[in-house]
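Here's the letter readout for the chains.
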Protein chains: 2
Amino acid sequence: MAAVRAVCVVGLGLIGGSVLRSAVAAGRPAWGAAASSIDVAAARSAGYPIEAGVDVALRRAAEEDALVVLAVPLPAVPQVLDAVTEHAPDCLLTDVVSVKAPVADAVRRLAPRARYVGGHPMAGAASSGWAASTAELFHGAAWVVDTEDGTDPDGWREVARLALDCGAHVVPAAAEEHDAAVARVSHLPHVLAAVLASVGAAGGPLALALAAGSFRDGTRVAGSRPELVRAMCEGNRDALLDALDEALGRLGAARGSLASTGSLGKTIEDGHQGRRELAESQTAARTPVRIDLSAPGAMEALRGLGARGGRVTALDAGCAIGEVG
Amino acid sequence: MAAVRAVCVVGLGLIGGSVLRSAVAAGRPAWGAAASSIDVAAARSAGYPIEAGVDVALRRAAEEDALVVLAVPLPAVPQVLDAVTEHAPDCLLTDVVSVKAPVADAVRRLAPRARYVGGHPMAGAASSGWAASTAELFHGAAWVVDTEDGTDPDGWREVARLALDCGAHVVPAAAEEHDAAVARVSHLPHVLAAVLASVGAAGGPLALALAAGSFRDGTRVAGSRPELVRAMCEGNRDALLDALDEALGRLGAARGSLASTGSLGKTIEDGHQGRRELAESQTAARTPVRIDLSAPGAMEALRGLGARGGRVTALDAGCAIGEVG
């Protein structure tokens, strides 16, 4: 292994392309590959090193002991994992897919020898494909790194290092914790935006002519590409069903209260409080934290940091340096 | 009546304050009054003519045959209507309340002699009170003017003139049509934002740490003052219940489809289509329209314009000049 581990990015869309750009900008040896000939051509003409195919890129990763980054939509993951098992079966492996437990399951099944530590950068954009990728996409963003009791600290550190090199901060969480959290704050928002857009448009031209900021904001993500939204939401089915049930319960309670007493007091007050907690979580004073990655219970300590809203912002001499509110 | 009709604004919060500022900026004789001593003091120190009380302002309106603008929250409307009946019973009266049928009912009951034509500017801001008011708040905004078969064309024109003087365009609609439309595109967004904020915050610090653009956009209006959101939503109860039932039906269908087949296809596709219709409604090519306000069926023609997503942008020689997509 080189002093700085190389990075092999499979998939060159918005996220994969931005990972490749960021890794190169951080001075890491890095190359990419993708099934999309459009993305491949665009990445090459932008001057990035793109291998002739995913198999070639993975064989090079095996030779150079690179960190392989799966940056394909969830439905394409099994096919790429088959290629990993064929060409780089023991590689250090991470991913940037928006759901973690299903990817971990697929890795156990299809690439069981890979040294896998999952990841998920919480960044996106209205556009997609290499053309939308930037080296700044992850600046200031949260990047979840899978943190299970059995996670190898060396692998964890390598994935965290990539996230930090991309300008993100690391939020440690177990796969199930991650999936439950993003169902609430990322996938449910897409379903509610779709429902709102449909109810608004069903009001016809008059309703749309009267739509102002609240409707525009509430429906913005309904403008995202449907196939990407579906892949993301449907891939997190179990956790999203729980979040949908909670939303249905709260919306039904609002309906019942408005019908029976004329009041939306509890609904509106609770929502206002939730929004205040969001604002507070982003502005809270933070105290520094240092976690020795080689100590017993390091993964549990990291998960505890994430559960309290904390983050890792640097790595130093075998320790994760972070802060918590 | 003067060549330019004077404007008397009752209530000097965000909307009323902005109406007074806009009317003065348009060169109209105008004065205000409010129950809030904070708003009154702020408006006076900004140099605007503020009467000693609502009763004084209304008596002056009766003397000068001014257009009286009710700019108070729905719960305060009955009290101001009592004052109208006492001090300016025959005045030309409009309002800027976010729901129209309940205000029209209250006027019929409490100020039956007033020449009332309701209105609703579709503009707002995160902040409230005179301090947040500006002369530009309504620039480019839709301003609904009540357009019933029995509406007096002269009164309609006076209210439309005020909206145009404030920089808005006029969307003609019957009160019930307005209330159904804003339940879909203005009140439902507030309820969904509150539900989303609650479900997100219930995920604890980890969920809030992972919240990105979709959650921030989807919960933005949950940051609005709860008492104002409640007054707006609860005041439109019947129409909002219909919109809530439609949202519950669509959300329940999404839940059922995800659970049974794993697909959110219809939900996400329908939402994407709705969002596209919103974008198209704002960019459509428009053809000019001219409606003679003194012709029989003028109100029906105006409502038809609004129902097709059209608007009135000027008044000229007894005609409404507009455009439709």
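Residues numbered from 1 in each chain as written. Chains lettered and ligands numbered in written order. Predicted model: local features only at pLDDT ≥ 70, side-chain atom pairs only at ≥ 80, totals over all residues. Heavy atoms only, no water.

Looking at an unreviewed UniProt entry, one finds chain A named Prephenate dehydrogenase and attributed to Gandjariella thermophila. Within the UniProt record for chain A, the comment given under Sequence similarities (unreviewed entry) is "Belongs to the prephenate/arogenate dehydrogenase family." (UniProt positions renumbered as here; feature names shortened; annotations may be inferred.)

Q: Could you give me a rundown of empty space enclosed by the protein, with the residues and numbers involved?
A: Summed over the entire model, instances satisfying the criterion amount to three cavities of 30 Å³ or more. Put simply, the largest cavity is a space of about 90 Å³. Looking at the largest cavity, it is lined by 14 residues, and the ones nearest its centre are A:Leu192, A:Ala193, A:Gly218, B:Leu196 and B:Gly218. Where the lining of the largest cavity is concerned, the elements lending two or more residues are helix 7 (175-201) and helix 9 (213-219) of chain A together with helix 7 (175-201) and helix 9 (213-219) of chain B. (1 Å grid on protein atoms, 1.4 Å probe; cavity = no way out; pocket = protein on both sides within 12 Å on 5 of 7 lines; lining within 4 Å. Points joined across faces, edges and corners; volume = space filled by probe spheres on them. Helix = DSSP H or I, 4+ residues; strand = E, 2+ residues; numbered from the N terminus.)

Q: So what's going on with helix 4 (residues 77-87) of chain B? Which residues, and what values?
A: Residues and elements named next belong to chain B. Looking only at helix 4, the buried set comprises Val77, Val80, Leu81, Ala83, Val84 and His87. Down the axis of helix 4, the buried side of the element spans an arc of 160°, and every buried residue falls inside it. Residues Gln79 and Glu86 are exposed on helix 4 and point more than 90 degrees away from its buried face. Elements in contact with the buried residues of helix 4: strand 1 (7-10), helix 3 (54-64), strand 3 (67-70), strand 4 (92-95) and helix 5 (101-110). (Buried < 20%, exposed > 50% of the residue type's maximum accessible area, 1.4 Å probe, protein only. Arc of directions from axis to C-beta. Contact = heavy atoms within 4.5 Å.)

Q: Which residues make up the packing of aromatic side chains, and what are the values?
A: Under the definition given, this model contains four aromatic pairs over all chains. Ring geometry for B:Tyr48 versus B:Trp130: centroids 5.3 Å apart, planes at 65°, classification edge-to-face. Residue B:Tyr48 is found in the loop between helix 2 (37-45) and helix 3, and its partner B:Trp130 is found in the loop between strand 6 (119-121) and strand 7 (142-146); the two are separated by 82 residues along the sequence. Across this residue pair, the class does not change: B:Tyr48 and B:Trp130 are buried. Taking the ring centre of A:Trp31 as reference, the NZ or CZ of A:Arg60 above it sits at 3.7 Å. (Phe/Tyr/Trp six-rings, centres within 6.5 Å; stacked < 30°, edge-to-face > 60°. Lys NZ or Arg CZ within 6 Å of the ring centre and 35° of its normal.)

Q: Please set out unusual backbone geometry residue by residue, giving values where relevant.
A: One non-glycine residue, A:Asp65, lies in the positive phi region at around 50°. Structurally, the position occupied by A:Asp65 is in the loop between helix 3 (54-64) and strand 3 (67-70). Note on A:Asp65: relative accessible area 23%, which makes it partly exposed. Even without being glycine, B:Ala317 reaches a positive phi, approximately 50°. Inspection of the secondary structure assignment puts B:Ala317 in the loop between strand 10 (311-316) and strand 11 (319-324). The exposed category is assigned to B:Ala317, whose relative accessible area is 72%.

Q: Break down the pairing of strand 4 (residues 92-95) of chain A for me, citing the residues and quoting the values.
A: All names here are of chain A. Burial along strand 4 is two-sided: Leu92 and Thr94 facing one way and Leu93 and Asp95 facing the other are all buried. Note on the crossover from strand 3 through helix 4 (residues 77-87) to strand 4: the handedness is right-handed. Relative to strand 5 (residues 115-116), strand 4 is paired through two bridges, and the arrangement is parallel. Along strand 5, the bridge assignment pairs leucine 92 with arginine 115. Taken together, strand 4, helix 5 (residues 101-110) and strand 5 constitute a β-α-β crossover, and its handedness is right-handed. (Right-handed = clockwise from strand over helix to strand, strands pointing away. Pairing = 2+ DSSP bridges.)

Q: Run through the side chain of B:Asp179, naming residues and quoting values.
A: Residue and element names in this part refer to chain B. Secondary-structure assignment places aspartate 179 in helix 7. Among buried charged residues, aspartate 179 stands out as having no salt bridge; its nearest opposite-charge side chain is lysine 100, 6.3 Å away. A distance of 2.7 Å separates a polar atom in the side chain of aspartate 179 from the backbone nitrogen of lysine 100. For aspartate 179, the contacting residues outside a window of four places in its chain are Val99, Lys100, Ala101, Pro102, Asn236 and Ala239. (Lys, Arg positive; Asp, Glu negative; His and termini not counted. Salt bridge = Lys/Arg side-chain N within 4 Å of Asp/Glu carboxyl O. Polar contact = N/O pair within 3.5 Å; in protein donor to acceptor, adjacent residues only side chain to side chain.)

Q: Describe the pairing of strand 10 of chain B, naming the residues involved and giving the relevant values.
A: Residues and elements named next belong to chain B. Relative to strand 11, strand 10 is paired through five bridges, and the arrangement is antiparallel. For arginine 311, the partnering residue across the bridge sits in strand 11 and is glutamate 323. Hairpin connection from strand 10 to strand 11: two residues lie between these consecutive antiparallel strands, with alanine 317 at a positive phi of about 50°.

Q: An account of helix 12 (residues 265-283) of chain A is needed here, citing residue identities and associated values.
A: With 19 residues, helix 12 of chain A should cover 27 Å at 1.5 Å per step; its first-to-last C-alpha distance of 27 Å lies within 8% of that length. When we look at burial in helix 12 of chain A, the residues that qualify are A:Gly265, A:Thr267, A:Ile268, A:Gly271, A:His272, A:Gly274 and A:Leu278. In the core, the buried residues of helix 12 of chain A are packed alongside helix 11 (237-261) of chain A together with helix 7, helix 8 (204-210), helix 9 and helix 10 (226-234) of chain B. (Expected span 1.5 Å × (residues − 1).)

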